[in-house]
Amino acid sequence: MPNAHDVLFKTLADPTRRAIFERLCRDGEQTVAALTARAKVSQPAVSKHLAALKQAGLVRDRHEGRQTHYSAQLRALTPLVDWTRRLAGFWEARFDDLEDLLRRMDQ
Amino acid sequence: MTNAATDTLSVVVERDIPFPAEKIWRALTQPHLMEEWLMKNDFKPVVGHSFNLRGEWGGVLDCEVLAVEPNKTLSYTWNHTHEDAAYNLKSVVTFTLTPTSSGTHLRVEQSGFAPTQRQAYGGARAGWQNMFAKLEEVLARTE
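Calculation criteria
Residues numbered from 1 in each chain as written. Chains lettered and ligands numbered in written order. Predicted model: local features only at pLDDT ≥ 70, side-chain atom pairs only at ≥ 80, totals over all residues. Helix = DSSP H or I, 4+ residues; strand = E, 2+ residues; numbered from the N terminus. Buried ≥ 20, exposed ≤ 12 C-beta atoms within 10 Å, placed from the backbone. Contact = placed C-beta atoms within 7 Å. Pairing = 2+ DSSP bridges. Arc of directions from axis to C-beta. Axes fitted to C-alpha atoms, helices over the stretch in contact; angles between N-to-C directions. Expected span 1.5 Å × (residues − 1). Parallel < 35°, antiparallel > 145°, perpendicular 65-115°, else oblique. Nonpolar A, V, L, I, M, F, W, Y, C, P; charged D, E, K, R; others polar. Core = buried A, V, L, I, M, F, W, Y, C linked by C-beta atoms within 7 Å.

Novice: Can you walk me through the overall build of chain B in this structure?
Specialist: Check the secondary structure of chain B and you find three helices and seven strands. Starting at the N terminus, the α and β elements of chain B follow one another as β-α-α-β-β-β-β-β-β-α.

Novice: Would you take a moment to explain the overall build of chain A for this structure?
Specialist: Within chain A, the secondary structure is distributed over five helices and three strands. Sequence-ordered secondary structure for chain A, helices as α and strands as β, is α-α-β-α-α-β-β-α. Within chain A, the fraction of its 107 residues that count as buried is 24%. Intrachain contacts of chain A at a sequence separation of at least 6 include 51% that bridge at least 24 residues.

Novice: Just checking my understanding: could you explain the pairing of strand β2 (residues 59-64) of chain A for this structure?
Specialist: Within a regular strand, side chains alternate between the sheet's two faces. Residue and element names in this part refer to chain A. For β2 and strand β3 (residues 67-72), the ladder comprises six bridges, and the chain directions are antiparallel. The partner of Glu64 across the bridge, within β3, is Gln67. Hairpin connection of β2 to β3: two residues between the antiparallel strands, including Gly65 at a positive phi of 65 degrees.

Novice: Would you mind showing me how to read helix α1 (residues 21-29) of chain B here?
Specialist: One turn of an α-helix holds 3.6 residues; hence residues three or four places apart share an orientation. For α1 of chain B, the set of buried residues is Ala21, Ile24, Trp25, Ala27 and Leu28 of chain B. Seen end-on, α1 of chain B carries its buried residues on one side only, within an arc spanning 160 degrees.

Novice: Honestly, the sheet that holds β3 of chain A in this entry has me stumped. Any pointers?
Specialist: Neighbouring strands of a sheet are bound in pairs by backbone hydrogen bonds; such pairs are parallel or else antiparallel. Residue and element names in this part refer to chain A. The three strands are arranged β1-β3-β2 in an open sheet whose pairing can be described as antiparallel. Looking at strand neighbours, the two that pair on one side only are β1 (30-31) and β2, the edges of this open sheet. Against the sheet, helix α2 (residues 15-27) contacts β1, β2 and β3, and its axis sits at roughly 85 degrees relative to β3.

Novice: In this structure, what is going on with helix α4 (residues 43-55) of chain A? I would like to understand it.
Specialist: Residues and elements named next belong to chain A. If you check α4, its first and last C-alpha atoms are 18 Å apart, about what 13 residues at 1.5 Å a residue would give, namely 18 Å. The set of residues buried in α4 consists of Val46, His49, Leu50 and Leu53. One face of α4 carries all of its buried residues, which in axial projection span an arc of 100 degrees. For α4, the exposed residues lying more than 90 degrees away from the buried face are Pro44, Ala51 and Gln55.

Novice: Help me understand the sheet that holds strand β1 (residues 10-17) of chain B, please; the structure alone is not making it clear to me.
Specialist: All names here are of chain B. Read from one edge to the other, the open sheet built from seven strands follows the order β1-β7-β6-β5-β4-β3-β2, with strand pairing classed as antiparallel. Two strands close off the open sheet at either side, each with one partner strand: β1 and β2 (40-41). Here five bridges tie strand β4 (residues 60-69) to strand β5 (residues 73-80), and the two strands are oriented antiparallel to one another. In the sheet register, Ala67 faces β5, and the bridge partner there is Ser75. Contacting β1, β5, β6 (89-100) and β7 (103-111), α1 runs over the sheet at an angle of about 160 degrees to β6.

Novice: Explain the environment of Trp25 of chain B here, please?
Specialist: In this fold, Trp25 of chain B is placed in helix α1. The class of Trp25 of chain B is buried, set by 21 C-beta atoms lying within 10 Å.

Novice: Explain the packing of α2 of chain A against α4 of chain A to me, please; I cannot follow it from the model alone.
Specialist: Relative placement of two packed helices is described by the angle separating their axes and the distance separating the axes. Residues and elements named next belong to chain A. At a minimum axis separation of 10 Å, α2 and α4 run at an interaxial angle of 75 degrees. With respect to α4, the axis of α2 lies roughly perpendicular. Taken together, the residues of α4 that come into contact with α2 (itself represented by Thr16, Arg17, Ile20 and Phe21) are Val46, His49, Leu50, Ala52 and Leu53. Along the lines of polarity and charge, the residues of the contact of α2 with α4 split into six nonpolar, two polar and one charged.

Novice: So what exactly am I meant to see when it comes to the nonpolar core here?
Specialist: Burial of nonpolar side chains together is a common tendency in soluble globular proteins. In this structure, Phe21 and Val59 of chain A are the most contacted members of the largest nonpolar core, which totals 19 residues. For this core, the elements supplying multiple residues, two or more each, are α1 (4-13), α2, α4 and β3 of chain A. For this core, the leading source of residues is α1 of chain A, giving five residues. Dropping the residues within four chain positions of it, Val59 of chain A is found in contact with Leu24, Leu50, Leu53, Lys54, Tyr70, Ser71, Ala72 and Gln73 of chain A. Counting 13 residues, the second-largest nonpolar core is a separate cluster that includes Leu98 and Leu102 of chain A together with Trp25 and Leu106 of chain B.

Novice: Explain the pairing of β4 of chain B here, please?
Specialist: Residues and elements named next belong to chain B. Relative to β4, strand β3 (residues 50-54) runs antiparallel, the two being bridged by five bridges. Its bridge partner lying in β4, Asn52 is registered against Asp62. What sits between β3 and β4 in their antiparallel hairpin is a turn of five residues, with Gly58 showing a positive phi close to 100 degrees. Following β4, the chain reverses through three residues before pairing antiparallel with β5; Asn71 in that reversal takes a positive phi of roughly 70 degrees.

As structure tokens, then:
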């Protein structure tokens, strides 16, 4: 099973792709054409980035007539937040042990 | 977004500890004491010294001392190489001690995550801090 963090980091590692995702987070649902108009890359490139985002579960597409609308799936980011929360939890636990040790140490 | 000051993702944990900085410093830098609250190690408080932290789970962290300022700052790399790239980690851990009226304010920051390939690490360096700053806010809004 692919590691969820791995997929998320890899998918969002590309600055152009991340910019597209951030735009969807900020401005809501948009068409490929609208996204392309504000991106610095071609429409096929935007489509390719959207496909990668979709595969990672970060965006959802909705077809309407000849247009495809994309929207951000913010819940897909949960593993990232969980991961950093776990790391913070690791240090909290270490600090608990550190305080315990300090109480036992000679001055 | 590519601002050098915000180009890494980091986790910060802070705590007020009712002991003087000198005592905490010993616990942070003497191997037999470090082992009691952190992990087994062959640490030396010397910039450039390479050492390992060995976890009870069998994992080994590759570390190198980056900064030592007695009773104030300690920084070292915290890297983990795993046969499965998804578990790779490249980061820096920095402890900062600040005296307070009742003891010491201890802060640890772990930053520069690279859970995987070099490419992802580049991405992390390129703007994860900004991205992450928004995450919790965004997730909170959508609960």
